[in-house]
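Structural characterization, general
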Amino acid sequence: MVGIMDYRNQTLTNRFILLGLTDIQYLQVFYVLIFSVIYIITVLGNSLLIIAVLINVHLQTPMYFFLTNLAVIDICCASAVVPEILVNTLSLDKSVSLAECALQMFLSLVLGTTECLILAVMAYDRFVAICRPLHYNAVTNKRVCILLTAFCWSIGFINSTIHMALTFQLPFCRSHHIDHYFCEIPPILQLSCSDTWYNEVSVYISACLIVISSFCLTLASYIYIISTIFRIHSTQGRQKTFSTCASHLTVVCMYYGTIMAMYLGPHSAYSPERAKITSIIYTSVTPMLNPIIYSVRNKDIKHTITVKMIKKCVVWF
């Protein structure tokens, strides 16, 4: 039987070898269990949200339209990364083809970029609903919602295509061992023996234009929302709204913060171990937390899940 070290010593010209999270056996078992639970919660939580919105006409509003898009992104993001972690941890053959690596990078970039923009759009939607309620129906009508969502997905595809093309035209002669658990730009750039200055600059530019601008828009929206909350006369209403916004903002800051740490850090200071932890947060943890923070605490969603869905299940059986 060929061991893990044998695979690491191979020189494969058309394949990459993902070194994964760890070589320690008991930690591998721990990671498999943890990520299996994370994946199940992510898929189940986001699927329940999508179903709840589909079966309850009262939830088919702009806010839940954007939440549904976020749920789809989270399911796809988790499905693009977490199964790879499980396969990579359990399998002796940790190699992936160039095409598989490119596809994984493309999908993770599309979904990550789109989620950054969708979170900003959702924050703006909440800003209009709370701070400009009289203008809400005019500003967030169906056509505007569809156009905003299409714009987010389009930017995601364009950004991903550019970076994938720039990354995979590089010669990878230094090594084919990726010290990561999936194909991501920073660890792959470490493998190239050519100058990656243009790649690094393009990453910084897109991160500034997409991630930082989205974060600033989100933060500004929540600042206005919180200032409006403090003007609410009802103490109970103020506490409830502030609690909801605080939990939203916490997850949003965690998501944007880890992405900025990954893509805006200096190339020379790149650390594989820190990069793995950072990537886990925005590819696995936040997709699991989003349906909990954004919807499970919402009484309309809980009512739909606990009452309407149960009734439908009883009728079917």
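The rules behind these values
- Residues numbered from 1 in each chain as written.
- Predicted model: local features only at pLDDT ≥ 70, side-chain atom pairs only at ≥ 80, totals over all residues.
- Heavy atoms only, no water.
- UniProt positions renumbered as here; feature names shortened; annotations may be inferred.
- Helix = DSSP H or I, 4+ residues; strand = E, 2+ residues; numbered from the N terminus.
- Buried < 20%, exposed > 50% of the residue type's maximum accessible area, 1.4 Å probe, protein only.
- Contact = heavy atoms within 4.5 Å.
- Expected span 1.5 Å × (residues − 1).
- Polar contact = N/O pair within 3.5 Å; in protein donor to acceptor, adjacent residues only side chain to side chain.
- 1 Å grid on protein atoms, 1.4 Å probe; cavity = no way out; pocket = protein on both sides within 12 Å on 5 of 7 lines; lining within 4 Å.
- Points joined across faces, edges and corners; volume = space filled by probe spheres on them.
- Nonpolar A, V, L, I, M, F, W, Y, C, P; charged D, E, K, R; others polar.
- Core = buried A, V, L, I, M, F, W, Y, C linked by side-chain atoms within 4.5 Å.
- Disulfide = S-S within 2.5 Å.

Under the annotation held in an unreviewed UniProt entry, the protein carries the name Olfactory receptor and is attributed to Xenopus tropicalis. As stated in UniProt under Subcellular location (unreviewed entry), the record for the protein gives "Cell membrane". Taken verbatim from the UniProt record of the protein, the Sequence similarities (unreviewed entry) comment is "Belongs to the G-protein coupled receptor 1 family."

Concerning the environment of isoleucine 85
Secondary-structure assignment places isoleucine 85 in helix α3 (residues 62–90). Note on isoleucine 85: relative accessible area 1%, which makes it buried. Through-space distance from the C-alpha of isoleucine 85 to that of phenylalanine 35 is 7.9 Å; in sequence the pair is 50 residues apart. Sequence-distant contacts of isoleucine 85, that is, excluding residues within four places in its chain, are made with Leu21, Phe35, Tyr181 and Ser284.

Some details on helix α6 (residues 142–167)
In a regular helix each residue adds 1.5 Å, so 26 residues correspond to 38 Å; α6 covers 38 Å between its end C-alpha atoms and thus fits that length. Among all positions of α6, only Cys145, Thr149, Cys152, Gly156, Asn159, Ser160, His163 and Thr167 are buried. Contacts made by the buried residues of α6 are with α3, α4 (98–131), α7 (185–189) and α8 (197–229). Capping the start of α6, asparagine 141 holds a side-chain oxygen 3.1 Å from the backbone nitrogen of arginine 143, two or three residues further along.

A closer look at the UniProt feature "transmembrane region" (unreviewed entry) in the protein
UniProt feature "transmembrane region" (unreviewed entry): in the numbering of this structure it lies at residues 29–57, 64–82, 102–124, 144–166, 201–225, 246–265 and 277–296. Annotated as 93% helix and 0% strand, the span residues 29–57 places its first and last C-alpha atoms 44 Å apart. Along residues 246–265 one finds 90% helix and 0% strand; the C-alpha atoms at either end are 27 Å apart.

A short note on empty space enclosed by the protein
Scanning all chains against the criterion turns up two cavities of 30 Å³ or more. Of the pockets and cavities examined, the largest cavity occupies roughly 270 Å³. For the lining of the largest cavity, the residue count by class is 13 nonpolar, seven polar and one charged. If you add up the space inside the second largest cavity, you get close to 40 Å³. If you go around the second largest cavity, the residues you meet are Leu19, Gly20, Leu21, Thr22, Gln28, Tyr31, Asn88, Thr89 and Lys94. Elements with a minimum of two residues in the lining of the second largest cavity: α2 (25–55) and α3. For the lining of the second largest cavity, the per-class residue count stands at three nonpolar, five polar and one charged.

Concerning the nonpolar core
Grouped together as the largest cluster of nonpolar side chains are 65 residues, with contacts concentrated most on Tyr256 and Tyr263. The element contributing the most residues to this core is α4, with 16 residues. By size, the runner-up hydrophobic cluster in this structure holds 14 residues, among which are Ile38, Leu86, Ile280 and Met288.

What about the state of the cysteines?
A full pass over the atoms with the stated rule returns two disulfides. With its sulfur 2.0 Å from that of its partner, cysteine 101 forms a disulfide with cysteine 183. The sign of the -120 degrees torsion about the S-S bond sets the cysteine 101-cysteine 183 disulfide as left-handed. In this pair, cysteine 101 is assigned in helix α4 and cysteine 183 in the loop between β3 (177–178) and α7, connecting sequence segments 82 residues apart.

A few points about the layout of surface pockets
Looking at the largest pocket, its volume works out to about 700 Å³. Residue lining of the largest pocket: 26 residues in total, with Met63, Arg126, Thr244, His248 and Asn298 positioned closest to the centre. Elements with a contribution of two residues or more to the lining of the largest pocket: α3, α4, α9 (235–263), α10 (272–296) and α11 (299–316). Along the lines of polarity and charge, the residues of the lining of the largest pocket split into twelve nonpolar, eight polar and six charged. Considering only enclosed or pocket space, the second largest pocket measures out at about 280 Å³ in volume. Those elements giving two or more residues to the lining of the second largest pocket turn out to be α7, α8, α9 and α10. Partitioning the lining of the second largest pocket into residue classes produces twelve nonpolar, five polar and two charged.

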